[in-house]
Amino acid sequence: MSVLVMKFGGTSVADLGRIRNAAQKVRREVERGHDVIVIVSAMSGKTNELVGWVEETSPLFDAREYDAVVSSGENITAGLMALTLQEMDVPARSWQGWQVPVQTTSAHSAARIEDIPRANIDQKFAEGMKVAVVAGFQGISPEGRITTLGRGGSDTTAVAFAAAFDAVRCDIYTDVDGVYTTDPRIEDKARKLDRIAFEEMLELASLGAKVLQTRSVELAMRYKVKLRVLSSFEDTDENSGTLVCDEEDIMEQNVVSGIAYQRDEAKMTLISVADRPGIAAAIFGPLAQAGVNVDMIVQNISEEGRTDMTFSCPVNQVARAQDALAKAKEAGDINFHDMVADTDVAKVSVVGIGMRSHTGVASRMFEVLAAEGINIRVITTSEIKISVLIDRKYMELAVQALHDAFELDNAA
Ligand code: ADP
Ligand code: ASP
Ligand code: MG
């Protein structure tokens, strides 16, 4: 029997009507002969509400209890989806992560899936169950505590199940009909891509395109999962949506394939740091230990043995970063004159495999931003992407101007 994985995101299960709509899509696949594993997210807004409750109750919360609370949104939709399918005469039952069990690391709120033993679900399929509805985003640690996989983690649950069950495909149903050249919410000229290469999708996701969680793309690439993004609100068929696939399977490549942004970034500068061997380790070690996700880093030329060190991180981690650096200074591990945080910046990135063989993308990007009067604060590049940090108020303008300049509205 062929297994198909279908994942429904928060807006696709936002109320009972939408759950019914999603269940109809599932029933259609059962009628086509598949055993289906359905992965559900919490109803849209639910996880934010749960996170809010935790933060209000306990500002420095115990991450294990955070996971106990925040994972619960998915339990509700899993049960409701199973009930809805049963009402349609489709044999279905729900599974919470621990029941499968979805075995994860103990890194609470950012756990990784280590293994998904198939036995329990396989046995039910063998007994005639047609649909296993699994609560996404959650698992169980070796210590037996409930874990969550990081925001957007149901995508990763879906791909991990597709890999574990050798699924014919992993379909990610969401509120857009595929992966676009940029977020269609901020650029109406964004165009849907029929196919996108794993590597480009990985960059777009890690640079802010939240249509797929980064880790889900990594897993799909590693385990060769056939991954597709499509709309839960439209009629769909075999050819709908966007297929995430190997580079070789894409006929025509553009130099730039997409633009991503991260709105809530912050830039921090340590002024007048003693420039000596080991200084970067002395700064970024404590930041890593404090759980600060440092992204871009720039060290200025030093004068008289002192330099400025600038880095970016998510805006909600600034307080934690300041605290870690102040402690390191107090302990005498680092020495700086001042610490300045700019919390009004955003990151905009252009991504494309074609950049490997074409020069001039960076200079074009800088010209376009200059023409709009947008100042670039930090730049980083890799083989297939260029990212800039700019003032947040120019973020939409930058995305739109770059989308135009790289002619993404009429890309192949
Ligand atoms: P779900 O709740 O189904 O998981 P998400 O909100 O996590 O959905 O992801 C879908 C959203 O991702 C879209 O509504 C869209 O605004 C956003 N998005 C950002 N970049 C892109 C892109 N390049 N292509 C498609 N959607 C994108
Ligand atoms: N409900 C979780 C979140 O909002 C997981 C997911 O939807 O993928 O982050
Ligand atoms: Mg999502």
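Residues numbered from 1 in each chain as written. Chains lettered and ligands numbered in written order. Predicted model: local features only at pLDDT ≥ 70, side-chain atom pairs only at ≥ 80, totals over all residues. Heavy atoms only, no water.

Description of the site of ligand 1
Close to ligand 1 lie 16 residues; T174, D175, Y180, D183 and R185 are nearest. Within the side chain of D175, an N or O atom sits 2.9 Å from an oxygen atom of ligand 1. K210 places a side-chain nitrogen or oxygen 3.4 Å from an oxygen atom of ligand 1. Across the complex, the protein chains shield 89% of the 570 Å² of accessible surface that ligand 1 would expose by itself. Among the residues forming the shell around ligand 1, the class breakdown is 6 nonpolar, 5 polar and 5 charged. (Near = heavy atom within 4 Å. Polar contact = N/O pair within 3.5 Å; in protein donor to acceptor, adjacent residues only side chain to side chain. Areas by Shrake-Rupley, 256 points an atom, 1.4 Å probe, with all protein chains shown as cover. Nonpolar A, V, L, I, M, F, W, Y, C, P; charged D, E, K, R; others polar.)

Quick notes on the site of ligand 2
With respect to spatial proximity, the complete set of residues near ligand 2 consists of S41, A42, T47, E74, F137, R151, G152, G153 and S154. A distance of 2.7 Å is found between a nitrogen atom of ligand 2 and a side-chain nitrogen or oxygen belonging to E74. Taken together, the residues that form the shell around ligand 2 break down as 2 nonpolar, 5 polar and 2 charged.

Considerations on unusual backbone geometry
Going from V100 to P101, the amide bond is cis rather than trans, its omega being -5°. Tracing the chain through its elements places P101 in the loop between β3 (92-95) and β4 (103-104). Positive phi, normally seen in glycine, also occurs at S109, with a value near 75°. Looking at the secondary structure, you find S109 in the loop between β4 and β5 (113-115). Take S109: its relative accessible area is 29%, and that puts it in the partly exposed class. Non-glycine residue K224 carries a positive phi angle of around 55°. (Helix = DSSP H or I, 4+ residues; strand = E, 2+ residues; numbered from the N terminus. Buried < 20%, exposed > 50% of the residue type's maximum accessible area, 1.4 Å probe, protein only.)

Focus: the UniProt feature "binding site: ATP" (unreviewed entry) in the chain
According to UniProt, the "binding site: ATP" (unreviewed entry) feature falls on K7, F8, G9, G10, T174, D175, Y180, R185, K210 and V211. Discounting chain neighbours no more than four positions away, the residues touching F8 are V13, A22, K25, V26, V38, I39, V40, S41, M81, Y173 and S232. By secondary structure assignment, the location of D175 is in the loop between β9 (169-174) and β10 (195-197). Ignoring anything within four residues of it in the chain, the contact list for D175 reads T11, R185 and F233. Side-chain polar atoms of D175 contact the side chain of T174, separated by 3.3 Å. (UniProt positions renumbered as here; feature names shortened; annotations may be inferred. Contact = heavy atoms within 4.5 Å.)

Observations regarding the pairing of strand β12 (residues 242-245)
Burial along β12 is two-sided: the face carrying T242 and V244 and the face carrying L243 and C245 are both buried. With 3 bridges connecting them, β10 and β12 associate as parallel partners. Residue pairing in the sheet places R195 in a bridge with L243 of β12. Pairing of strand β11 (residues 227-231) with β12 involves 3 bridges; the strand directions are antiparallel. (Pairing = 2+ DSSP bridges.)

Details of the sheet that holds strand β14 (residues 297-299)
Spatial strand order, β14-β15-β13-β16-β18-β17: 6 strands in an open sheet with antiparallel pairing. The open sheet is flanked by β14 and β17 (378-382), the only strands paired with a single partner. Averaged over neighbouring strand pairs, the angle between their axes works out to 25° when direction is ignored. Bridge analysis of β14 against strand β15 (residues 306-314) gives 3 bridges, and the strand direction is antiparallel. Bridging from a neighbouring strand, Q299 pairs with M309 of β15. Here helix α7 (residues 198-206) sits on the sheet in contact with β13 (258-274), β16 (338-351), β17 and β18 (385-391), set at roughly 60° to β13. Strands in contact with helix α11 (residues 361-371) are β16, β17 and β18; relative to β18, the strand with the most contacts, it is inclined by about 20°. (Axes fitted to C-alpha atoms, helices over the stretch in contact; angles between N-to-C directions.)

Digging into the sheet that holds strand β2 (residues 35-40)
The strands making up a sheet are joined through hydrogen bonds of the backbone, oriented either antiparallel or parallel. The strand order across the open sheet formed by 8 strands is β3-β6-β2-β1-β9-β11-β12-β10, and the pairing between neighbours is mixed. Each end of this open sheet is capped by a strand with a single partner; those strands are β3 and β10. Neighbouring strand axes in the sheet, compared pairwise and without regard to direction, differ in orientation by 20° on average.

Here we look at the pattern of salt bridges
In this structure the tally under the stated criterion is 26 salt bridges. K7 is the partner of D155 in a salt bridge, and the nearest nitrogen-oxygen pair spans 2.7 Å. With D155 in helix α6 (residues 154-164) and K7 in strand β1 (residues 3-8), this pair connects stretches of sequence that are 148 residues apart. For K7, a relative accessible area of 7% translates into the label buried. Residues joined in a network through salt bridges with shared partners are R169, D171, R228 and E238. (Salt bridge = Lys/Arg side-chain N within 4 Å of Asp/Glu carboxyl O.)

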